[in-house]
Amino acid sequence: MKHTLVALLRDQPGVLNRSVSLFRRRGFNIESLTVGHTETPGISRMTLVVDGDTTSVEQVIKQLYKLIDVLKVSDVSQDPNVTRDLLLVKVYAPPAKRSELMQLADIFGAKIVDVVPDAMMIELSGSPEQLDRFVDLIRPFGIRELVRTGCVAMTRGASTVSGPYQNQEFRAA
Amino acid sequence: MKTLTGAQMMCEALLAEGVDVMFGYPGGAIMPFYHALPEYPELRHILVRHEQAAGHAAEGYARTSGKVGVCVATSGPGATNLVTAIADAMMDSVPIVAITGQVVTSLIGKDGFQETDVTGITQPITKHNYLVTDVRDLPRVFKEAFHIARTGRPGPVLIDVAKDVQNARGVFEYPESVDLPGYKPNYDGNRRQIKEAANLLNQAKKPLIMAGHGILLGHASVELREFAEKTGIPVITTLLGISCIPEDHPLSLGMPGMHGWVHVNRAIQECDVLFTIGARFDDRVTGKLDTFARNAKIIHVDIDPAEVGKNVITAVPIVGDAKRVLENLTEIVNANEHSEWLNHIRDIQATRSKRQRDPESGMFTPHHVYAEFTRIMQGEFRVCTDVGQHQMWAAQLIEYMKPHTHITSGGLGTMGFALPAAMGVQVACPNEEVWAIAGDGGFQMNLQELATVVQESLPLKICIINNGYLGMVRQWQELFHERRYSATPMWSPDFIKLADAYGIPGVRVERAEDVAEAIQQARSTNGPFLIEFVVEREVNVYPMVAPGASISDMFEDPSEVEIEDVVAVK
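Reading the values: the criteria
- Residues numbered from 1 in each chain as written.
- Chains lettered and ligands numbered in written order.
- Predicted model: local features only at pLDDT ≥ 70, side-chain atom pairs only at ≥ 80, totals over all residues.
- Axes fitted to C-alpha atoms, helices over the stretch in contact; angles between N-to-C directions.
- Helix = DSSP H or I, 4+ residues; strand = E, 2+ residues; numbered from the N terminus.
- Parallel < 35°, antiparallel > 145°, perpendicular 65-115°, else oblique.
- Left-handed = near helix turned anticlockwise from the far one by under 90°.
- Contact = placed C-beta atoms within 7 Å.
- Nonpolar A, V, L, I, M, F, W, Y, C, P; charged D, E, K, R; others polar.
- Domains from an automatic or database assignment.

Let's talk about the packing of helix H15 (residues 366–377) of chain B against helix H22 (residues 515–524) of chain B
Two packed helices can be described by the angle between their axes and the distance between those axes. Residue and element names in this part refer to chain B. For the pair H15 and H22, interaxial distance at closest approach is 9 Å and the crossing angle is 50°. Taken together, the axis directions place H15 and H22 in an arrangement best described as oblique. H15 and H22 meet at a crossing whose hand is right-handed. On H22, the residues that touch His 368, Val 369, Glu 372, Phe 373 and Ile 376 of H15 are Val 515, Ala 516, Ile 519 and Gln 520. Residue classes in the contact of H15 with H22 are distributed as six nonpolar, two polar and one charged.

Listed below in structure tokens is the structure:
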């Protein structure tokens, strides 16, 4: 089963490397991993999607906690949450195919961000499943290049993952 | 405001952390530190002959002094030579701080002379590490490093300091506390879980305590004993747990696992509650995991949450410090006794002999040496062992009476550990008798340290069990590889002449009747002494569980088995 984990990290040199090398070392299978800034300066947020049984996911969480610069790890899969992935795809699009592609993009709420005579770049954000469906639909047109960012996730409701670490300043080294 | 150089700050920080000795080796990138060192005569520096030895010595020092061990090396090869010792400290949870010099900041990443990415290399084998590129970070980094090394589950921390940072000047203000929001070890076990453990133990008919290194690291020997005595539960000790309970204690049973005793492994397989504290269910202890302690509910106490549930399914997990958990548990658990259960295990034990039959060759077995050790020393010694057959015999056959008297490389299994570790132990315990016991193979991996022993006037006693083979590998070849002795026969120099070249007196023992006298001679010699015991070449360590097999399936010395029930317990 897939688990979405959210980890808060102190912005220290090597913290991402430490996390990633941990996964390799312990043989954990990571499906996607993203890192970015948060509302608090000095704290980054890592979202990772792991495929594994509950026991091995628990081990991932515990091992992550052993890293000194990891502040918090939550498995948000069981909570109601919003999960988003971002897709950029360059599709083979001669003039005759353009309108069909644009219609499909419209249905999914995707944006056309670049058009040249025989290709088109489409941007779409949504749940990973939504993105999968879109990619399946446009595949017959001929995909020339595709990139996805991997998932970020946030639980619904007023409570936060960052809880106690909010509004606290953390010095970056 | 008065400023200091980074190198002086490093020394000041060491003093502030209560360091009085370090083991090291200078070189280009750490020279500013060595330049400052003579200004701090309170900091004793022991010059080793190879950086690996500095690391092991720091480990030996830490494991007996209860303080953080410190080792120092230069960049590049100096630092990479430390790697084995750091990995060893990581596996055995030993608190050391390794300080390495790094090339100047402007050369980092440019493949400068003697540059290696030491923080990168040591990342998976340190509890944490730092690269310092700004002198203003030095005080904080040292404060954090020592704090992280000694608290929670102890471990090695490395500080890599760029050479220009050692030369830079800054104001030295040593922080009084650390600010590490992501690092909060849990010391008090969960009350409810402790109560649950007590309930389970109260109801148990055949309970067993498995005590590991955590008891020694957590200085909980007294608490363990009180807990065992109140509950009447017998205690088994893992390789690194040895000496956490006096081995002549009526409740002490000995070591489990691959070369553990039959009665101990049998006790694991028969017990109904296995109370494990400060041990991590290493594969050398458990054997085939899904056959391990099948009848038992497992209570697992460990300070490292990631150890709980890692290898075995735990009925009651308790994350906390051994000492505190034991205190709380002893308070609420029922007083009890389990004489029937204990007698049952003792009955199994009684059918086995610790003696080995004398070989027909006329040579003697190592067993004589260990038996004489125990008889002569009466527990008044500290022993550092290497890795291999001699190590297993030292664990099985010598009786340890006081905490921290058995020091060995457990998790990593590092040959060459004994001699340098014993130097660290001797420095920590200058007035005690310290023995380094090694095989002919392991001794030659770090024998250069004999020079350090002499230069530092360490009165170490060194004992080589020489069987002319890499004995444990040879044993596996005999048992599992068709007796194909590939690369295990080993020629050695004349160890006595070698010792003599270093100015160390020594004696070679080739007859069983001379064993005791040699040991006495070593003891009565002021200063270091070396004994080479030339023993029967092909003696195996028994009993044994084959790698990957169940601990129910032990095989014993075929020449010694006198009873019919060799294998048992389904």
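A closer look at the domain arrangement of chain A
All names here are of chain A. For chain A, the domain assignment lists domain 1 (2–78) and domain 2 (82–152). One C-alpha centre belongs to domain 1, the other to domain 2; they are set 29 Å apart. Contacts between the two partners involve six residues from domain 1 and, on the opposite side, five residues from domain 2. Broken down by secondary-structure element, the contributors of at least two residues to the side of domain 1 that touches domain 2 are strand E2 (30–37) and strand E3 (43–51). In terms of residues, the side of domain 1 that touches domain 2 owes the most to one element, E2, which gives three residues. Split by residue class, the side of domain 1 that touches domain 2 holds two nonpolar, four polar and no charged.

Section: the packing of H15 of chain B against helix H16 (residues 389–397) of chain B
Residues and elements named next belong to chain B. Here H15 crosses H16 at 40°, and the two axes come no closer than 10 Å. Judged by the inter-axis angle, H15 sits oblique to H16. Taken as a pair, H15 and H16 cross one another with a handedness that is right-handed. Between H15 and H16, the residues in contact are Pro 366, His 367, Tyr 370 and Ala 371 and His 390, Trp 393, Ala 394 and Leu 397, respectively.

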